[in-house]
Each structure stands twice: as structure tokens, then as C-alpha cells.
Amino acid sequence: ASARAPAPVAGAEAERFMRLAVREAARGLGRTSPNPAVGAVVVRDGRVVGRGHHARAGGPHAEVVALRAAGALARGADVYTTLEPCDHFGKTPPCSVALLEAGVRRVFVGSSDPNPLVNGRGMARLRRHGVAVVKGVLRDACDRLNAPWFTFITEGRPFVTLKAAVTLDGRIATRTGDARWVSGEAARAWVHRLRDRVDAVLVGAGTARADDPRLTTRLPRGGRDPIRVVLDSDLSLPRTLALFRGGSPAPTLVAHASAAPARRYGPGVELVRCRRGKGGVDLRDLLAKLAARGVAHLLVEGGAHVHARFLEAGLVDRVAVFVAPKIAGGDGVPLVAGRGPARMADALRLEQVAFERVGDDLLVTGVPARR
Ligand code: AOF
Ligand code: ZN
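Residues numbered from 1 in each chain as written. Chains lettered and ligands numbered in written order. Predicted model: local features only at pLDDT ≥ 70, side-chain atom pairs only at ≥ 80, totals over all residues.

K.L.:
Could you clarify how one ought to interpret the sheet that holds strand β8 (residues 200-203) in this entry?
P.N.:
Two strands in a sheet stick together by hydrogen bonds in their backbones, pointing the same way (parallel) or opposite ways (antiparallel). Spatially, 9 strands are ordered β11-β10-β9-β8-β14-β6-β15-β18-β17 in an open sheet, and the strand pairing comes out mixed. In the strand order of this sheet, the two ends are held by β11 (269-273) and β17 (350-358), each with one partner. On average, each strand axis in the sheet is tilted by 20 degrees relative to the strand beside it, whichever way the strands run. Where β8 and strand β14 (residues 297-300) come together, 3 bridges link them in parallel fashion. Looking at the pairing, Val 201 lines up with Leu 299 of β14. Seen against the sheet, helix α10 (residues 304-312) touches β6 (159-167), β8, β9 (227-231), β14 and β18 (361-368) and runs at an angle of roughly 140 degrees to β6. (Pairing = 2+ DSSP bridges. Helix = DSSP H or I, 4+ residues; strand = E, 2+ residues; numbered from the N terminus. Axes fitted to C-alpha atoms, helices over the stretch in contact; angles between N-to-C directions. Contact = placed C-beta atoms within 7 Å.)

Quick look at the structure:
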């Protein structure tokens, strides 16, 4: 243990370097589950001498990558990390120990790590050994980076984003079920960028039948396909659907609640047997099973019945709805099936609402108010 370094203050300079660490972390987004995306930079005499990010679960943590890049220059340097350094032997040894061994002087932390294995211990160990620690630097930005992961690690279930596109009159499809397309090209590209970052995408049997979607990520520069999940409680969907025909490195999971002898599908398709709940597969049971497979962020993409079930179960963490300037009219399919409440006062409200124009559509995002 060395002499205690002077207590630093998180000023504009600290924020500038943390911003670089956030940029590093973002490179891992969608690639690190069940781990968070983390970035770190090593700074000496006002200069960045090492940077790194956590690239995949099982690989080295961000701090270790940045320390290796800095080499001997890490001694006496400052480290900026978007997440509190871990303090446990997981798939890799603790970052807190690596930082001490490298002889860094100060550590600036963005988010604290709520993982019960860490939870303040990383920062405490550093302080105990005379390293000055400043936490909460650009905390909001760092927290935002891993919002889904925080839910996953504290609640043991995936963070659920419900995404849909509706017409001005709130329809996700016409009366025949036709939905190609509600929103414009820019909105669809946004969805593919989201698919690239989530761990899994889920649709109901009705949507699988009506749209025959692939649920892959199609971006100009490729992208990574999420795990595809389809709710098919009685295993009654035709095996000719695109979801069952492979064509992706990611598997398709058929969530069912059927006691019948397992049906056979082609390669890349797996059956996930769940408890039966009201209206089909028990969603909590399914989410627990997905979490066990490392799914930290699940994107729910329809249809109306699936939306209703997730919303009624209080299992939606974030809503993202594109509103297209079109009117479907008549008996189009609503965003949410069922009768809904009698009084407008009982309508589900969104909080933390944001509006964004995407092409010719309006993206409305928000967090369902807890009741
Ligand atoms: C860090 N830096 O870059 C990441 C951290 O199984 P392991 O050993 O990879 O540990 C995973 C846990 O470590 C994860 O749940 C989270 O608490 C923390 N992630 N910590 O110091 C990193 N990715
Ligand atoms: Zn670590």
C-alpha cells in the first residue's frame, strides 16, 4: 500500500476522459451478454496511454484490456472505467487486483456494479490499498449504456423492450393482418440497429403465421442476429415458416407448453418447454429460462395478443412505438388486444417519454408507469 493519493474531484477533465471510456464501452454493446458493456481508458499526464473494452463474456474485462495496452505507463496513472471494477474471480480474475498490481494512482468510476458479487467491493478494495476512487463520473451516461443489464442482474430476468409500428389510428396491421409496411425505411433501419444490440427477439404465433418474419438483423454492414423466440404453446405452427428454416447463425427457440411428444424441426431450432399460464406459455417462466441462457435484453415485436400479455403481466420495461402518418381505418389490428379498461383514467401511462422523428415517422418511447 502506498501513501493515499489526494482526493480528486470529478471536473470537466474527468468527464472528458469518461466520455472516451463510454465510447469504448459502446463498441461492445450487444456483444457482451450476459455481461455488461464496459469501457476503460488509462490516462497519464493528461494523455490517453491505453484504452479498451469488454468484447465478449469470458474475455478479459475492459480495465485489463486498457491496462495491457498501457503497459508500464499504467504505474501512477489514472484509470477511467464506465463500471465499477469487479472484485471476484469469475471467468476472469478481479479487475480490482489487476489495477492494484499495475500500480495505478486514481480510479474514476461511472456506474456502480449492482452484481451481488461486486456491489461496492471493487471500489472498497482499491481505497483500502490507498488508491483514490471517484465514483459517479458521467453516471447517467454510463447507467444508460447498460440499462437492460442492470434489470437483468438485479431481477434475474431479461429487460423487455416492446417495439411496434402503428398507424395514426393505432393499428399495427389492416383487418386482413397485412402489416408490410406500417413505418418507413428509416424506422425499419432503426429496428435492425436495435436487433443488433438485443440478445433475443420474440413474436407470437399469430405474427409468425401472418408475417412469416425472419427476425434477423439486416444492416448495410451485416450485424449480429439475435436469438429468435416464437411463442407456440401447442406447437401448431407450420414448420415451413422462415423462422424454422435456418438461414441464421442464431437459433430459433420455440417456447411451448405442450405435453405432446416433441416435434422435430430442422437444425438451429430448439424447443423450450414452459409452464402453461393464462393465455399460453407462462411468460415469467419463459423469461427465467431465457435469462439462464444469458438473454439480458429481449425485444418483443408483436403481435397484439403478445403485447397485451406482456403489458398485463407488468413485464414491459420500455415501450418504443413508431407512429406512421397513415390511417388504416375500419377493423385494423390494434396495438394491444383485449377489451382494455373502462375508464381512461385506468389507461396505462408512460413515463420518461421521449419523441424523435425518424424519417417520416414519429418514434415515441417511454417506461410503463408502475401501478
Ligand atoms: C468489470 N469490467 O469489463 C466487466 C465487468 O464472469 P466474469 O468474470 O466475466 O464476470 C462478470 C461480471 O463482472 C459481470 O456480471 C459484472 O458484474 C462484471 N463485469 N466488470 O470490472 C468489465 N464486464
Ligand atoms: Zn472486472
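K.L.:
Before we go on, may I ask you to explain the environment of Ala 26 in this structure?
P.N.:
Following the sequence through the fold, Ala 26 ends up in helix α1 (residues 12-26). Judged by local crowding, Ala 26 falls into the partly exposed class, with 15 C-beta atoms found within 10 Å. Ala 26 sits 196 residues away from Gly 222 along the chain, and the two C-alpha atoms are 17 Å apart. With sequence-adjacent residues up to four places away left out, Ala 26 is seen in contact with Ala 37 and Leu 145. (Buried ≥ 20, exposed ≤ 12 C-beta atoms within 10 Å, placed from the backbone.)

K.L.:
It is not clear to me how the site of ligand 1 should be interpreted in this structure. Could you clarify?
P.N.:
Residues in close proximity to ligand 1 total 18 residues, the closest being Val 38, His 54, His 61, Gly 90 and Asn 115. Among the residues forming the shell around ligand 1, the class breakdown is 9 nonpolar, 6 polar and 3 charged. (Near = placed C-beta within 6 Å. Nonpolar A, V, L, I, M, F, W, Y, C, P; charged D, E, K, R; others polar.)

K.L.:
Would you explain the environment of Ala 320 in this entry?
P.N.:
Tracing the chain through its elements places Ala 320 in strand β15 (residues 318-324). By C-beta crowding, Ala 320 is classed as partly exposed, having 19 other C-beta atoms within 10 Å. Sequence-wise, Ala 320 and Leu 363 are 43 residues apart; in three dimensions their C-alpha atoms are separated by 6.8 Å. Beyond its immediate stretch of four places on either side in the chain, Ala 320 contacts Thr 161, Lys 163, Leu 363 and Thr 365.

K.L.:
I'm lost on helix α7 (residues 185-197) in this one. Help?
P.N.:
Because an α-helix completes one turn every 3.6 residues, residues spaced three or four positions apart along the sequence face the same direction. In a regular helix each residue adds 1.5 Å, so 13 residues correspond to 18 Å; α7 covers 19 Å between its end C-alpha atoms and thus fits that length. Within α7, burial applies to Ala 187, Val 191, Arg 195 and Arg 197. For α7, the buried positions fall inside an angular range of 160 degrees around the axis, keeping them on one side. Opposite its buried face, α7 presents the exposed residues Glu 185 and Arg 193, each directed more than 90 degrees away. (Expected span 1.5 Å × (residues − 1). Arc of directions from axis to C-beta.)

K.L.:
In this structure, what is going on with the confidence of the model for the chain? I would like to understand it.
P.N.:
On average, residues of the chain carry a pLDDT of 95, and 97% of them reach 70 or more. Across the assembled chains, the prediction reports ipTM 0.93 with pTM 0.92. (pLDDT = per-residue confidence, 0-100.)

K.L.:
How do you make sense of the nonpolar core when you look at a structure like this?
P.N.:
Nonpolar side chains tend toward joint burial in soluble globular proteins. Ile 172, Ala 200, Val 230, Ala 255 and Leu 298 are the most contacted members of the largest nonpolar core, which totals 55 residues. If you tally residues by element for this core, the top one is β6, at 6 residues. In contact with Ile 172, not counting residues within four places along its chain, are Ala 164, Ala 165, Val 166, Ala 179, Val 182, Gly 302, Gly 303, Ala 304, Val 333 and Leu 335. In terms of nonpolar packing, the next biggest core, distinct from the first, is built from 41 residues, Met 18, Ala 62, Ala 70 and Val 107 among them. (Core = buried A, V, L, I, M, F, W, Y, C linked by C-beta atoms within 7 Å.)

K.L.:
Before we go on, may I ask you to explain the pairing of β15 in this structure?
P.N.:
When a strand is regular, its side chains alternate between the sheet's two faces. Most of β15 is tucked away: 6 of the 7 residues are buried. Pairing geometry for β6 and β15, over 7 bridges, is parallel. Note that in β15 the partner of Thr 167 across the bridge is Ala 324. One ladder, built from 5 bridges, connects β15 with β18; its direction is antiparallel. By the bridge assignment, Val 323 is partnered in β18 with Leu 362.

K.L.:
Is there a simple way to explain the sheet that holds strand β4 (residues 106-111) in this structure?
P.N.:
Read from one edge of the open sheet, 5 strands run β2-β1-β3-β4-β5, paired in mixed fashion. The sheet terminates laterally at β2 (47-53) and β5 (132-134), the two strands that pair on one side only. With strand direction ignored, the average angle separating the axes of adjacent strands in the sheet is 20 degrees. As paired elements, strand β1 (residues 39-44) and strand β3 (residues 78-83) share 4 bridges and run antiparallel to each other. For Val 41, the partnering residue across the bridge sits in β3 and is Tyr 80. Strands in contact with helix α2 (residues 62-70) are β1, β2 and β3; relative to β2, the strand with the most contacts, it is inclined by about 140 degrees.

K.L.:
Help me understand the UniProt feature "binding site: NADP(+)" (unreviewed entry) in the chain, please; the structure alone is not making it clear to me.
P.N.:
Here, the residues flagged by UniProt with the feature "binding site: NADP(+)" (unreviewed entry) are Ala 165, Trp 181, Thr 207, Asp 211 and Ser 233. Of the residues just listed, which span 69 residues, the most distant C-alpha pair is 27.4 Å apart, and they do not cluster in one region. In this structure, Trp 181 sits in the loop between β7 (171-173) and α7. Taking the number of C-beta atoms within 10 Å as the measure of exposure, Asp 211 has 20 and is therefore buried. (UniProt positions renumbered as here; feature names shortened; annotations may be inferred.)

K.L.:
Would you take a moment to explain the packing of α2 against helix α3 (residues 95-102) for this structure?
P.N.:
Direction vectors running N to C along α2 and α3 enclose 20 degrees, while the axes themselves pass 9 Å from each other. As judged from the angle between their axes, α2 and α3 are roughly parallel. Crossing of α2 against α3: the hand is left-handed. Packed against α2, whose contacting residues are Glu 63, Val 64 and Leu 67, the element α3 presents Cys 95, Ala 98, Leu 99 and Ala 102 at the interface. In the contact of α2 with α3, the residues fall into 6 nonpolar, no polar and 1 charged. (Parallel < 35°, antiparallel > 145°, perpendicular 65-115°, else oblique. Left-handed = near helix turned anticlockwise from the far one by under 90°.)

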